[in-house]
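Chain by chain, the residues run as shown.
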Number of protein chains: 2
Amino acid sequence: MIKGNIINLFTEEIYPVEVEIQGGLVKCIREVNEEFENYILPGFIDAHIHIESSMLTPSRFAEVVVPHGTTAVVADPHEIANVLGVSGIKYMMKDASTVPLRFFFTAPSCVPATPFETSGAVLGPEEIDELLQLDDMVALGEMMNFPGVVGEDPVVLEKIRLAQKHSKPVDGHAPLLSGADLCKYVGTGISTDHECSVRDEALEKKRLGMKIMIREGSSAKNLEELWKMGGDFLVSDDRHPEDLLHGHVNQILKKAVEWGVDPVEAIRMVTVNPANHYNLHSGLISPGKMADLVVVDDLENFNVKKVIINGELVAREGKALFNVKPAKIKNSFNLKNTSPVDFEINPTRTNNANVRVIKVIEGQLLTEEFKANLEIVDGVFKADLEQDILKIAVVERYGHNKMANGFVNGYNLKKGAIASSVAHDSHNIIVIGTSSKDMSLAVNTLKNNQGGLVAVCDENIYSLKLPVAGLMSVMSAGEVSAQMNKLHKVVNSMGCELASPFMTMSFMALLVIPQLKISDQGLFDVESFQFVDVIK
Amino acid sequence: MIKGNIINLFTEEIYPVEVEIQGGLVKCIREVNEEFENYILPGFIDAHIHIESSMLTPSRFAEVVVPHGTTAVVADPHEIANVLGVSGIKYMMKDASTVPLRFFFTAPSCVPATPFETSGAVLGPEEIDELLQLDDMVALGEMMNFPGVVGEDPVVLEKIRLAQKHSKPVDGHAPLLSGADLCKYVGTGISTDHECSVRDEALEKKRLGMKIMIREGSSAKNLEELWKMGGDFLVSDDRHPEDLLHGHVNQILKKAVEWGVDPVEAIRMVTVNPANHYNLHSGLISPGKMADLVVVDDLENFNVKKVIINGELVAREGKALFNVKPAKIKNSFNLKNTSPVDFEINPTRTNNANVRVIKVIEGQLLTEEFKANLEIVDGVFKADLEQDILKIAVVERYGHNKMANGFVNGYNLKKGAIASSVAHDSHNIIVIGTSSKDMSLAVNTLKNNQGGLVAVCDENIYSLKLPVAGLMSVMSAGEVSAQMNKLHKVVNSMGCELASPFMTMSFMALLVIPQLKISDQGLFDVESFQFVDVIK
């Protein structure tokens, strides 16, 4: 029996009640004649998140978010699917099943993201059909391939058809899509969007009946711009380990109310709205629904006092009351040791030393391209530390023995190299360095670590191991965050002033965001959507 | 291409648009810089109606309601199911398929309504499972057996489980159910109620998460009492042929706005809310949704100018633009001709002439019981026209050769008899008369007519034939209404002053509403839920 003031999301009343629970379900709610300080809310639901971006396994993720009042998430395992396919998704589900947090998943619709990179797996219609048969697979995941939808790519349309066959919704991802193309996109049955960044964009999508997910995560923050527009869900999309220590949905809720969203409306956006959309049988306090409840101190700060999932008290005063033992590790690291020579770039014509350089822009996924003239020493291009033109490479890790080299500006490393096995969306190894030797050492270390982040500095090696698919740690959020901070300090001491050097690097391989990017197959110009030569 | 002012139900804006239609679906909606007088709304949906109560076949029903802007209905074929079972429901679906109106159905959950009457069919879990597999069977129909739910009747719970297996909602029917019993009822997953008659009742149900259907039909009218409380749907439940000539959902919408419901909210209650609840892929103007639209002159009177279903203009200025040919008739009339002697009641003890009498209350389904002392002539009780104690009988019509006799007060017939094959819920033949001879003639006429309504007056016979299951005519609403009016005048001339003598008679066999009722198996006391003797 839980007592407190209920916020009735159906009638918008607040009154004192006792909630009777039986067999994990709400049995009855009775108004009582008592005074309470606390409020009982349905447990919070993050309707769109990529768990992998927390660098935590689902169980470790649960450990840190449940005390914040999160009782369910709709997770798109897009990252691990690119590495390990269906077996990676099943790892996520298995690990998730060891903790009380309710994990619902969406079947990743775009694996691989493009045909211009080597991923660890391909999810075709057959795999999607298999995944959508699972009860906990509640939707087809975000359809990022909007050109494919608009252009009526038969494989894309078949995946959408399969979702309809299984009576499951299709999530959208269509930044700035508009007009007739947007009508076409919506017309296929895609019903949500979490990529709106400006109000007019959200308005156009909302008018057409799309449900708007207002995103306020560690990277993209759209609440300030969009809250007045109104939305259906508040989601995080991506949430980094350090941020998770401080809050999750509860923090977004607090921010929304601070901005001016009506508290009842804001609560609906993280409870009943996602529950109804994804058919979760939770998200509301009603007889027969899952007894997933949160007790908070007020409707401004949403400080979470107690968290109940399936009728059990699972967190109290910020502490999880359950133990975490991540499931047995799954990974895919199939590459040979590299040699420094693998990272050299030979000029094709001795007289021409002009190269294309990827220009990084702080805090953005976008890059620019510029031309630079580099010195040739011993028949190979040399990084130019004065001009801040470093070397970048992507080394394929799924046994196909591929790699590509290029140049990058904006990292300002004065020594050493940094490497990562988190590199969107195929998650090959990406490395940036001042010398081929340090780059090779960084990549080989990462190979031995079976994934993670590495910094090589003055022949010292610093690393954060991510042995689950090269994306996630089995450590707690606190430990991951501490190691991450230490790595950031090292990279900082090497001259780099970027706020998140590893995260920024991970997007250098994301071929769908302009301008110049790099995959294991070469330097890629996003505008013309084709490979280009490093040498100009 | 349809042009007009759109009421955007997502953003609550009104602005001029053109709606592009392709292949029966909305393709795109574009804002245009023009001025329009008319408004484009999603087509109206009646989320709960028993078509049989209109005495029209589905196709004839469509003919009269589509010009009023109705583009879809969720129909519970409970009445025909009691007569003909699954084959009756399939008749409804087949006939419905001949017209543009979209008919969705619910699988009747309570056939027969009680074990104390002989129905034409029994729908057990096997039949329910079969029905729920059909795409157009969108829910389990109203669960009237709320004592069975609360008492955990295994057959009742199994039917609810089957709906959940098919991911379809379960409609409720729980007048005045409250407290722990209501929690239990809601807890099984029953999610709507259309039986609320007072505000507190609706509030209690709404607080628990039930969706409230505010009913405003030909019989029950709850809008005045409930509109302030707020509801999710506006429904008719029952709508008689004459009323259908004047309007349908459009009329309820107009009334709701007159009472004070916000027009956008009222429109939602007959469009997007039912569409979302029953997963109808209509009810909103959005790309990819069915192009079911209504053009009205304003948002006060909702005068319907044009009706579009599946992208086709199907009605204009009150006229249906499609032809109606009702499907081949289905019926079940299996009884022998009666003789006057069948309607005689013999006293068991010559000295005791006290009998139980059903007392009809004008305008109510409720009856009362009183005791009367009757004259015995030639060894049988005699109707007492001075005291207005007439004879009533139910003659079973499904081949089991059963019948029961009793007495009724309140009809005030001074001659003749009236009979009907519409008699809730089993729809045996019910007859009220001043003499056994006239009663027998009325029943035999009804048998020859294969159902309908009959009045015998001064040896003249007046009738309305309802040859479809003894419940529905194949004639148009106008013809049925005219014949009904004529019959009412005849019955009126026989002395009866009730507003709807046949409808009132049809509820005399409804065993679930107190106090004294009659089935083919005998006189029934609803409070003690058992048969009682006519002779007291």
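First, a word on what this report is: a plain description of the structure on this page. Per chain, residue numbering runs from 1 following the sequence as it is written. As a convention, the first chain written is A and the first ligand written is 1, with the rest following in written order. With pLDDT at 70 or above as the cut-off, local features in this predicted model cover only qualifying residues; side-chain atom pairs require 80 or more to be listed or tallied, and sums for whole chains, interfaces and linings still use all residues. For side-chain calculations, the full set of non-hydrogen atoms in the structure is used, while hydrogens and water are omitted.

1. Some details on the packing of aromatic side chains
The rule is short: rings of Phe, Tyr and Trp, with Trp giving its six-membered ring, pair when the centres are within 6.5 Å, and they are stacked under 30 degrees, edge-to-face over 60, tilted in between. Throughout the structure, instances matching the rule amount to 18 aromatic pairs over all chains. Summarising the aromatic geometry, the rings of A:Phe233 and A:Tyr278 are spaced 6.4 Å apart at their centres and angled 40° between planes, so their arrangement reads as tilted. Of this pair, A:Phe233 sits in strand 12 (residues 233-235) while A:Tyr278 sits in helix 12 (residues 272-278), placing them 45 residues apart in sequence. For the exposure calls, accessible area comes from a 1.4 Å probe over protein chains only, and a residue counts as buried if that area is under 20% of its type's maximum, exposed if over 50%, partly exposed in between. The class for A:Phe233 is buried, based on a relative accessible area of 0%. For the ring pair B:Phe381 and B:Phe407, a centre distance of 5.9 Å and an interplane angle of 90° mean the geometry is edge-to-face. Pair noted here: B:Phe381 is in strand 20 (residues 380-381) and B:Phe407 is in strand 22 (residues 403-409), with a separation of 26 residues, a long-range link. Residue class for B:Phe381 comes out buried when judged on its relative accessible area of 1%. Among the aromatic residues, ring-to-ring pairing joins A:Phe116, A:Phe524, A:Phe529 and A:Phe531 into one connected group. The ring of B:Tyr15 has A:Arg207 sitting right over it, with the charged end atom 3.6 Å from the ring centre. Numbering of helices and strands starts at the N terminus; helices are DSSP runs of H or I of at least 4 residues and strands are runs of E of at least 2. Both a distance and an angle decide whether a charge sits over a ring: NZ of Lys or CZ of Arg must be within 6 Å of the ring centre and within 35 degrees of the ring normal.

2. As for the interface of chain B and chain A
Frequently, the measure chosen for interface size is the accessible area that the parts lose on association. Any two residues having at least one pair of non-hydrogen atoms within 4.5 Å are treated as being in contact. If you look at the interface, chain B gives 22 residues, while chain A gives 22 residues. For any pair of parts, buried area is found by adding up, for both, the accessible area (1.4 Å probe) each one loses once the two are put together. When chain B packs against chain A, the two sides together hide about 1800 Å² of surface, and 57% of this comes from carbon and sulfur. Considering only the side of chain B, the residues that lose the most area to chain A are B:Cys183, B:Arg207 and B:Pro287, jointly responsible for 32% of the buried surface there. Each salt bridge in this description consists of a side-chain nitrogen of Lys or Arg and a carboxyl oxygen of Asp or Glu lying within 4 Å of one another. Here chain B and chain A share four salt bridges between them. The shortest N-O distance in the salt bridge between A:Arg207 and B:Glu13 comes to 2.9 Å. Here a polar contact means two N or O atoms within 3.5 Å. Within protein one must be a hydrogen donor candidate and the other an acceptor candidate, and residues neighboring in sequence count only if both atoms are side-chain atoms. Our count for the chain B to chain A interface comes out at ten residue pairs in polar contact (both at pLDDT 80 or more). Those elements that provide at least two residues to the side of chain B that touches chain A are strand 3 (25-31), helix 6 (179-187) and helix 7 (199-207) of chain B. Take the side of chain B that touches chain A: its biggest share by element is five residues, from helix 6 of chain B. In terms of residue class, the side of chain B that touches chain A is made up of ten nonpolar, seven polar and five charged. Residues were grouped as follows: Ala, Val, Leu, Ile, Met, Phe, Trp, Tyr, Cys and Pro as nonpolar; Asp, Glu, Lys and Arg as charged; and all remaining residues, including Gly, as polar.

3. Topic: the pairing of strand 22 of chain B
All names here are of chain B. In terms of burial, strand 22 is a largely internal element, six of the seven residues being buried. Any two strands are treated as partners once DSSP identifies two or more bridges connecting them. Relative to strand 22, strand 17 (residues 354-360) runs parallel, the two sharing three bridges. Its bridge partner being in strand 22, Ile358 is matched across the sheet by Val408. Here strand 21 (residues 389-395) pairs with strand 22 via seven bridges, running antiparallel. Residue pairing in the sheet places Val395 in a bridge with Met403 of strand 22.

4. Observations regarding the relation of the copies chain B and chain A
In the superposition of chain B on chain A (RMSD 0.0 Å, axial shift 0.0 Å), the rotation amounts to 180°. Here the symmetry operator amounts to a two-fold rotation axis. Within chain B, the C-alpha atom positioned nearest to the axis of rotation is that of B:Ser167, 4.5 Å from it. In this assembly, 100% of the residues forming the interface of chain B have copies in chain A that are likewise at the interface, indicating an isologous arrangement. Copies overlap after least-squares fitting; the atoms used are the C-alpha atoms of residues with pLDDT of at least 70 in both.

5. Describing the state of the cysteines
Two cysteines joined by a covalent bond between their sulfur atoms form a disulfide. Pairs of cysteine sulfur atoms within 2.5 Å are identified as disulfides in what follows. Under the definition given, this model contains two disulfides over all chains. The disulfide partner of A:Cys28 is B:Cys183, and the S-S distance across this bridge is 2.1 Å. Here the disulfide of A:Cys28 and B:Cys183 is right-handed, its torsion about the S-S bond being about 75°. Of this pair, A:Cys28 sits in strand 3 (residues 25-31) while B:Cys183 sits in helix 6, which puts the two residues in different chains. Of the two residues examined, A:Cys28 and B:Cys183, each falls in the buried class. Of all cysteine sulfurs, the one in A:Cys196 lies closest to A:Cys110, which takes part in no disulfide; the gap is 17 Å. For A:Cys110, a relative accessible area of 6% puts it in the buried group. No disulfide involves A:Cys196; its nearest neighbouring cysteine sulfur is the one of A:Cys183, lying 14 Å away. What makes A:Cys196 buried here is its relative accessible area of 1%.

6. Regarding the pattern of salt bridges
Inspection of every chain in the model, using the stated rule, returns 52 salt bridges over all chains. Between A:Glu18 and A:Lys3 there is a salt bridge; the shortest N-O distance is 3.9 Å. One end of the pair, A:Glu18, is in strand 2 (residues 14-22); the other, A:Lys3, is in strand 1 (residues 2-7), with 15 residues separating them in the sequence. On the accessibility criterion, A:Glu18 (14% relative accessible area) is buried. A salt bridge links B:Glu20 to B:Lys27; the shortest N-O distance between them is 3.7 Å. By relative accessible area, which is 36% here, B:Lys27 ends up partly exposed. The network of salt bridges with shared partners includes A:Lys3, A:Glu18, A:Glu20, A:Lys27, A:Arg30 and A:Glu34.

7. Quick look at the sheet that holds strand 27 (residues 516-519) of chain B
Residues and elements named next belong to chain B. The three strands lie next to each other as 27-28-29, forming an open sheet whose pairing is antiparallel. Whereas interior strands pair on both sides, the edge strands pair on one side only; in this sheet they are strand 27 and strand 29 (530-532). The sheet shows a mean angle of 45° between the axes of neighbouring strands, direction not considered. In terms of strand pairing, strand 27 meets strand 28 (residues 522-525) through four bridges, oriented antiparallel. Across the sheet, residue Ser519 finds its bridge partner in strand 28, namely Gly522. Each axis is a line fitted through C-alpha atoms, taken for helices only over the stretch in contact, and angles between the N-to-C directions span 0 to 180 degrees.

Keep in mind these values describe shape, not function.
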